[in-house]
Amino acid sequence: MDPIRIAIVGIGKIARDQHVPAIRGNGAFSLAATVSPQDAGLEGVPHHASLDALLAEGPAVDAIALCTPPQVRHALASQAIGRGIHLFLEKPPGATLAEVAALEAEAGKAGVSLFAAWHSRFAAGVAPARAWLAERRIDKVSIVWREDVRVWHPGQAWIWEPGGLGVFDPGINALSIVTHILPRPFFLKDATLVLPENRAAPIAADIAFRDTGGAAIHMDLDWRQTGPQSWDIMVETDAGMLKLSQGGAVLHLPGGTEHGEDIEYAGLYSRFAALIRGGRSDVDTAPLRLVADAFLRGKRQTTAAFHD
């Protein structure tokens, strides 16, 4: 079977650090081209400044990994779908729920695969955590996702603009895990969003959810943490405490701790290949829906100006 010819649209840090090695490490794909108006691309790989140029001039591609900021993603995605190209959407899958729903409908009509790729769900500890929790009573959940924005998003102005999500850009990773591992759905009860006086998106958030069985879920997001970073999920159950740390890579259970290697993007591309070969799509918007609810219902607080 011939490899799937894939192009990366948007050659930023995440594309270079994660997408390129994952594609090159998966025999189901061949990296056919890159697209970026600012970046020069990769040595030995055809490069264009725009998607229009790639589609007009080639090389031909079967799939695209769309790694642009979410605010500009819909038009590019719709254009690719219109040309019969399968789409991998880096998280979040779009700037709004409605545009993602529109893309899903377009992909269905065009007969192409659409993949909303939540990379944290493929962290090593997530699948065993989901299996362990399936038979447990959930009593309480705590999410602490604190990191230093200057380390992880230096100079990325788009992330502070409407649609860029602010601290929910990393926070949505936690929500992608929790929506996947908890056996019952949950919904937002209250939220406080903390916005710097010079920014349009929050730098911190405190959120209360509740699941359909009544269990409380608390989420603490902050982009101002220096030193060691915190990406932890704690689930109190009738059989003891489950903890996922390091973004889901390490699973702590009452019986011991499991450490796993970084397999997130390798897992994503294996899933994408299977979707394409099977003629299917995977477009779960549950994490984005919870973020949208926080913006819809959350109280706003203003804090000191933030400067990179």
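Described below are features of the structure shown in this document. Predicted model only: the values in this text are computed from it and were never measured. (Residues numbered from 1 in each chain as written. Predicted model: local features only at pLDDT ≥ 70, side-chain atom pairs only at ≥ 80, totals over all residues. Heavy atoms only, no water.)

1. Section: the side chain of Thr237
Then comes step 1: Inspection of the secondary structure assignment puts Thr237 in strand β11 (residues 230-237).
Then comes step 2: The exposure class assigned to Thr237 is buried, which follows from its relative accessible area of 9%.
Then comes step 3: Within the structure, Thr237 has its side chain in polar contact with the backbone nitrogen of Ala239 (distance 3.0 Å).
Then comes step 4: From its side chain, Thr237 meets the backbone oxygen of Gly240 in a polar contact 2.7 Å long.
Then comes step 5: If sequence neighbours within four positions are ignored, Thr237 has contacts with Trp132, Leu133, Arg136, Arg137, Ile138 and Asp139. (Helix = DSSP H or I, 4+ residues; strand = E, 2+ residues; numbered from the N terminus. Buried < 20%, exposed > 50% of the residue type's maximum accessible area, 1.4 Å probe, protein only. Polar contact = N/O pair within 3.5 Å; in protein donor to acceptor, adjacent residues only side chain to side chain. Contact = heavy atoms within 4.5 Å.)

2. Some thoughts on the pairing of strand β2 (residues 29-35)
Then comes step 1: Where burial is concerned, most of β2 is hidden: six out of the seven residues are buried.
Then comes step 2: The pairing of strand β1 (residues 4-9) with β2 spans six bridges and is classified as parallel. Its bridge partner being in β2, Ala7 is matched across the sheet by Ala33.
Then comes step 3: At this point the chain moves from β1, through helix α1 (residues 13-24), to the parallel β2, and the crossover so formed is right-handed.
Then comes step 4: Of the pairings in the sheet, the one linking β2 to strand β3 (residues 47-48) comprises two bridges and is parallel in character. Each residue of the ladder has a partner; that of Thr34, found in β3, is His47. (Pairing = 2+ DSSP bridges. Right-handed = clockwise from strand over helix to strand, strands pointing away.)

3. Topic: α1
Then comes step 1: Spanning 12 residues, α1 covers 16 Å between terminal C-alpha atoms, matching the ideal 16 Å at 1.5 Å per step.
Then comes step 2: For α1, the set of buried residues is Ala15, His19, Val20, Ala22 and Ile23. The buried residues of α1 occupy an angular sector of 165° when the element is viewed end-on, so they sit on one face. Opposite the packed face of α1, turned more than 90 degrees from it, sit the exposed residues Lys13 and Arg24. (Expected span 1.5 Å × (residues − 1). Arc of directions from axis to C-beta.)

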